[in-house]
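# Summary of the model geometry
Single-letter residue listing:
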There are 2 protein chains.
Amino acid sequence: MSAYDDLIAHQKDTQALSEVMGRLGWDQETMMPRGAADQRAEEMAAMESVLHARRTDPRVGDWLDRAEASGDVARANLRLIRREYDRATKVPADLAKALAKATSRAQGIWAEARANEDVAAFLPTLAEILRLRREEAAAIAGDADPYDALLQDYEPGITGAELEALFSRMRPRLVDLRGRVLSSGYNPEPLKGHFPEAAQLALSAELAAVFGYDFDRGRIDKAVHPFSSGSGHDARITTRVDESEPFGCLYSTIHEVGHACYELNIDDAYLLTILGGGVSMGVHESQSRSYENQMGRSRAFTGWLFGKMTETFGNLNVKDADAFHAAVNRVQSGYIRTEADEVHYNLHILLRFDLERALITGDLQVADLEAAWNDRFAADFGVAVDKPSNGMLQDVHWSVGLFGYFPTYTLGNVYAGCLFKTLREDLPHVDAQMAKGDLSGATGWMAQNLQTHGGLYEPGEVVERAARAPVSEAPLLDYLDAKFGAIYGV
Amino acid sequence: MSAYDDLIAHQKDTQALSEVMGRLGWDQETMMPRGAADQRAEEMAAMESVLHARRTDPRVGDWLDRAEASGDVARANLRLIRREYDRATKVPADLAKALAKATSRAQGIWAEARANEDVAAFLPTLAEILRLRREEAAAIAGDADPYDALLQDYEPGITGAELEALFSRMRPRLVDLRGRVLSSGYNPEPLKGHFPEAAQLALSAELAAVFGYDFDRGRIDKAVHPFSSGSGHDARITTRVDESEPFGCLYSTIHEVGHACYELNIDDAYLLTILGGGVSMGVHESQSRSYENQMGRSRAFTGWLFGKMTETFGNLNVKDADAFHAAVNRVQSGYIRTEADEVHYNLHILLRFDLERALITGDLQVADLEAAWNDRFAADFGVAVDKPSNGMLQDVHWSVGLFGYFPTYTLGNVYAGCLFKTLREDLPHVDAQMAKGDLSGATGWMAQNLQTHGGLYEPGEVVERAARAPVSEAPLLDYLDAKFGAIYGV
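From a predicted model like this one, the values you see are computed outputs, not experimental measurements. (Residues numbered from 1 in each chain as written. Chains lettered and ligands numbered in written order. Predicted model: local features only at pLDDT ≥ 70, side-chain atom pairs only at ≥ 80, totals over all residues.)

The next subject is the overall build of chain A. Helix and strand counts for chain A stand at 20 helices and three strands. Radius of gyration (C-alpha) of chain A: 22 Å, near the 23 Å computed for a compact globule of 490 residues. With respect to the principal axes defined by its C-alpha atoms, chain A has extents near 65 × 50 × 45 Å. Counting every position in chain A, which comprises 490 residues, the buried fraction comes to 45%. (Helix = DSSP H or I, 4+ residues; strand = E, 2+ residues; numbered from the N terminus. Rg over C-alpha atoms; globule rule 2.2 N^0.38 Å. Buried ≥ 20, exposed ≤ 12 C-beta atoms within 10 Å, placed from the backbone.)

Here it is, written out as structure tokens:
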């Protein structure tokens, strides 16, 4: 066996074990009995220490030094394994353990603080998580930018400065569009009615199939916060149900189907290698977002969905397919990121990006975070935050140490814009297909041009290859202007 | 840290990882998408090799040599860890991995062969599994009896010779009872009707609670073959539903509740130690069997269940509680072990024990297995096997390498006989309680006298402590004679 073969054989078990870890996470959110929580924490910690030991195994360093790569796939394998090894070995084991422990505890403290609207109860914990993550960033980055170091966990290759420039270009056009829409005088009616759980779940499964989800290699369950989990031949999704509001269920499903199809459509040759998963959070989000928004919320598809939902639920109390399309794409001021429409969504991300970057660089102190959040929210959204659960306590991310994750949501939207522009050029009849409930053209294009590559290319590169153009915010902003311009007549 | 403390700390992660392995098995039977089977085999193999490496870690041998035990618990920990270490270090890692992989694949091949009634399609796989298990037995046992070596995985301390002697004493009385019952001229009517799935599952959950199952640390799902899985604070069960026959569902549930309650009622002090699980398959089966049979199929409890089922399903088409009790305990010739009544059940086990022992010792070849099975079945059950799925292809066990497992079912019945005899002496009013649907006395006795000890004592010892008498087949056979004598008037 060559050093390369030894390395890949070792990596295969590491990948298999990290799939197991993912399945435990899935089970925890969907199936686990409540009383098993403490025991599960021990099980996860034991798995984590097995994975950490494998990732920092000195033999990996030795194999990497001696391995010779021939061909793109081998080069990509070595590049990604090297990156994982360097990151893992730079972080002292004690620090990794302290972080795992602190974040696992912090999630409960955050949830309680949010329920009690008690920022003060969360701040010491947040400060501790932040301290540990800054220490980790310093261990990885040395003298380089600590926020950039954290970004690499989610979007390899990107820098905070690049994101700042991108977001600064986006902000004026988003603010302008928001202003025009909200002052248009048109306020679409939401759906009214009772939408039984069983019917929502049945339609949800039908939509999943329509968007190409393979139930032979996945399944749908309910979860409080929908997520997708797993890769290779076992990529599961979850959804949620509110019987007074069906879009939450249906569009969560389509969103998670986008994530899962990305994993399921990766070339089988990469199965249980480090190339066998989605390449970054941003590219992942480009798939879930384009399935949900560019496809699922298009005028073409909502026309078909209007018929389907009327069939399923009876009278929806909207007058026609145009009114239904407007209801699906209703723009409304609101505090909560996860409930935001396409116009507001990125403004939420821009706010979080600036604040978390300042926290990591040390320009903002935890004690000043609430005021900074509320000031910025008032400036960008024109509304004062009424309570912490509608403000800085709304997202779980920071409590579990996810600094550097938020910007990938907007990056995903930007990537989706680029990809869909080219998809539309390649598939001139895509609207006619989607209007008949046929998503095979659009999802097939994504599978062939992007999803199949897994981790073979870097995030920006795989998007640029598929879109055949440099990454730019323009296609997304043009799409938003055109879409909401049409609905709101602005 | 002392050597003992180091050892226990190491063992804790090993136990946690083996819980994870168990959860993967549960997922495979209940939730896993079909298309994920090959990937799951890789995941299980990777976990197995992690567990194997931990169990054979030379530091464990060193700690065991240096550890000083004070007190029963520490002594039991060292005894069981030593046993696990000795077994694991005797089996080459490659062989362990090959077995894990082969058995995971073999299960599918067996299922297909059974569906197609195609013995020939299964034989090469069975031969391969047998070859690997014999190799393993030889590695463990050296010159000693290979079947005895395999028995230790399921019932530590027992030998094939002891089982042969026990079973030889049982056989004449079982054959005699069977003859008397079948020639009694009484043939109780089974239930007739349609028993909707939802109602069966709801009653199933109610029965689980009645028998003391803690849903905060467990859950019930459907599976083709009911099983229980997990220990500590996460012990799950499964059941099956046939809408034309409700007892399969209800008594499978009670049976699995017996297994799960054993795990859940072990002293919390043993959590994530090697003492924190049921001590043997036989003792485990003593719990599931006594819950199912001595409690669940007693005249007292079936009286209560008759009312409950009439409430749930309406008219059951049996004339009274006595006829219902006879329907629950109907004795019938039949091919299938898992459908066998209490009179026939042990005869099934005796057959399998003799055949599998001969396979392992080499006295029987795989090619001759079908003929041997069919001859023995005709001799013991008075009927010719009509098709392989009613004969040697009926059980999954051998396909997954479980040689030495079958006898623990009958051993469990024997233990249950001993335990329940003493339980009845200690709880003179137990029938009056069970007749009201109150199982707390009987299950509480089991929890306090047996379940709480986990792996603290050896299997025979823990039964003898609880029963305050040596293990003997007499109480079981007396119980069967009395019960079926009363129902059939023989």
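Once that is clear, we can look at the nonpolar core. It is characteristic of soluble globular proteins that their nonpolar side chains tend to be buried jointly. Of all hydrophobic cores here, the largest spans 102 residues; its most connected members are Phe211(A), Val257(A), Tyr415(A), Leu419(A), Ala442(A), Val463(A) and Phe484(A). Split by domain, the residues of this core number at least three in each of domain 1 (3–144) and domain 2 (145–490) of chain A. Ignoring any residue separated from it by four or fewer positions in sequence, one finds Phe484(A) in contact with Leu177(A), Val181(A), Val331(A) and Val343(A). The next biggest cluster of nonpolar side chains, apart from the first, holds 98 residues, and it includes Leu163(B), Leu305(B), Leu439(B) and Trp445(B). (Core = buried A, V, L, I, M, F, W, Y, C linked by C-beta atoms within 7 Å. Domains from an automatic or database assignment. Contact = placed C-beta atoms within 7 Å.)

A few words on the sheet that holds strand S2 (residues 228–229) of chain B. All names here are of chain B. Pairing in this open sheet of three strands is mixed, and the strands run S1-S3-S2 from one edge to the other. Lying at the two open borders of the sheet, with one neighbouring strand each, are strand S1 (220–222) and S2. Relative to strand S3 (residues 236–239), S1 runs parallel, the two being bridged by three bridges. Bridge pairing in S3 links Lys222 to Thr239. (Pairing = 2+ DSSP bridges.)

Below, the discussion takes up the interface of chain B and chain A. Interfaces are often sized by the amount of accessible area the parts lose when they come together. Listed per partner, the contact involves 31 residues of chain B and 31 residues of chain A. Listing elements by their share of the side of chain B that touches chain A, those giving two or more residues are helix H1 (3–30) and helix H2 (37–55) of chain B. Looking at the side of chain B that touches chain A residue by residue, the class counts come to 13 nonpolar, six polar and twelve charged. (Nonpolar A, V, L, I, M, F, W, Y, C, P; charged D, E, K, R; others polar.)

Attention shifts here to the relation of the copies chain B and chain A. By a simple turn and slide, chain B fits onto chain A: the slide is 0.4 Å along the axis, the RMSD is 0.6 Å, and the turn is 177°. Taken together, the turn and the small shift mark the pair as related by a two-fold rotation axis. A share of 100% of interface residues in chain B that are also interface residues in chain A marks the association as one of identical surfaces. (Least-squares fit on C-alpha atoms with pLDDT ≥ 70 in both.)

Here we come to helix H12 (residues 299–313) of chain A. All names here are of chain A. For H12, built from 15 residues, the straight-helix expectation of 21 Å at 1.5 Å per residue is met to within 8% by its first-to-last C-alpha distance of 20 Å. The set of residues buried in H12 consists of Phe301, Thr302, Gly303, Leu305, Phe306 and Met309. Residues of H12 that are buried in the fold lie against helix H11 (281–295), helix H13 (321–328) and helix H17 (430–434). Residue Gly314 follows H12 closely and has a positive phi angle near 80°. (Expected span 1.5 Å × (residues − 1).)

Residue and element names in this part refer to chain A. The domain boundaries assigned to chain A delineate domain 1 (3–144) and domain 2 (145–490). The C-alpha-based centres of domain 1 and domain 2 are spaced at 25 Å. Contact with domain 1, which involves 42 residues of that partner, is made by 38 residues of domain 2. Only helix H1 (3–30), helix H4 (72–90), helix H5 (93–115) and helix H6 (119–141) provide two or more residues apiece to the side of domain 1 that touches domain 2. Among the elements that line the side of domain 1 that touches domain 2, the one with the most residues is H6, at 13 residues. Its residues assigned to classes, the side of domain 1 that touches domain 2 shows 23 nonpolar, eight polar and eleven charged.

This part is about the environment of His397(B). Residue and element names in this part refer to chain B. Looking at the secondary structure, you find His397 in the loop between helix H15 (369–381) and helix H16 (407–426). Judged by local crowding, His397 falls into the partly exposed class, with 16 C-beta atoms found within 10 Å. When the C-alpha positions of His397 and Ala115 are compared, they lie 16 Å apart, and in sequence the two are 282 residues distant. Dropping the residues within four chain positions of it, His397 is found in contact with Leu402, Tyr405 and Phe406.

It is worth spelling out the environment of Asn390(B) at this point. All names here are of chain B. Among the secondary structure elements, Asn390 is positioned in the loop between H15 and H16. On the neighbour-count criterion, Asn390 (15 C-beta atoms within 10 Å) is partly exposed. Taking the C-alpha atoms as reference points, Asn390 and Lys319, separated by 71 residues in sequence, lie 33 Å from one another. Setting aside chain neighbours within four positions, we find Asn390 in contact with Tyr335, Ile336 and Val385.

Another point: the sheet that holds strand S3 (residues 236–239) of chain A. Two orientations exist for strands paired in a sheet by backbone hydrogen bonds: parallel and antiparallel. Residue and element names in this part refer to chain A. The three strands lie next to each other as S1-S3-S2, forming an open sheet whose pairing is mixed. The sheet is open, and its two edges are formed by strand S1 (220–222) and strand S2 (228–229), each paired on a single side. Against the sheet, helix H10 (residues 247–264) engages S1, S2 and S3, with an angle of about 165° to S3. (Axes fitted to C-alpha atoms, helices over the stretch in contact; angles between N-to-C directions.)

This brings us to the packing of helix H8 (residues 160–182) of chain A against helix H14 (residues 342–361) of chain A. Residue and element names in this part refer to chain A. Their axes nearest at 9 Å, the elements H8 and H14 cross at an angle of 145°. In terms of crossing hand, the pair formed by H8 and H14 is left-handed. Counting all contacts with H8, which are made through Gly160, Leu163, Phe167, Met170, Arg171, Leu174, Leu177, Arg178 and Val181, the residues of H14 involved are Val343, His344, Asn346, Leu347, Leu350, Phe353 and Arg357. (Left-handed = near helix turned anticlockwise from the far one by under 90°.)

Per-residue confidence for chain A gives a mean pLDDT of 96; residues scoring 70 or more make up 100%. Confidence metrics for the complex model read pTM 0.93 and ipTM 0.92. (pLDDT = per-residue confidence, 0-100.)

All names here are of chain B. With their axes 11 Å apart at the nearest point, helix H8 (residues 160–182) and helix H20 (residues 474–488) run at an angle of 5° to one another. As far as their axial angle goes, H20 and H8 are roughly parallel. For the pair H8 and H20, contact is made by Met170, Arg173, Leu177 and Val181 and by Leu477, Leu480, Asp481, Phe484 and Tyr488, respectively. Here the residues of the contact of H8 with H20 are counted per class, giving seven nonpolar, no polar and two charged. (Parallel < 35°, antiparallel > 145°, perpendicular 65-115°, else oblique.)

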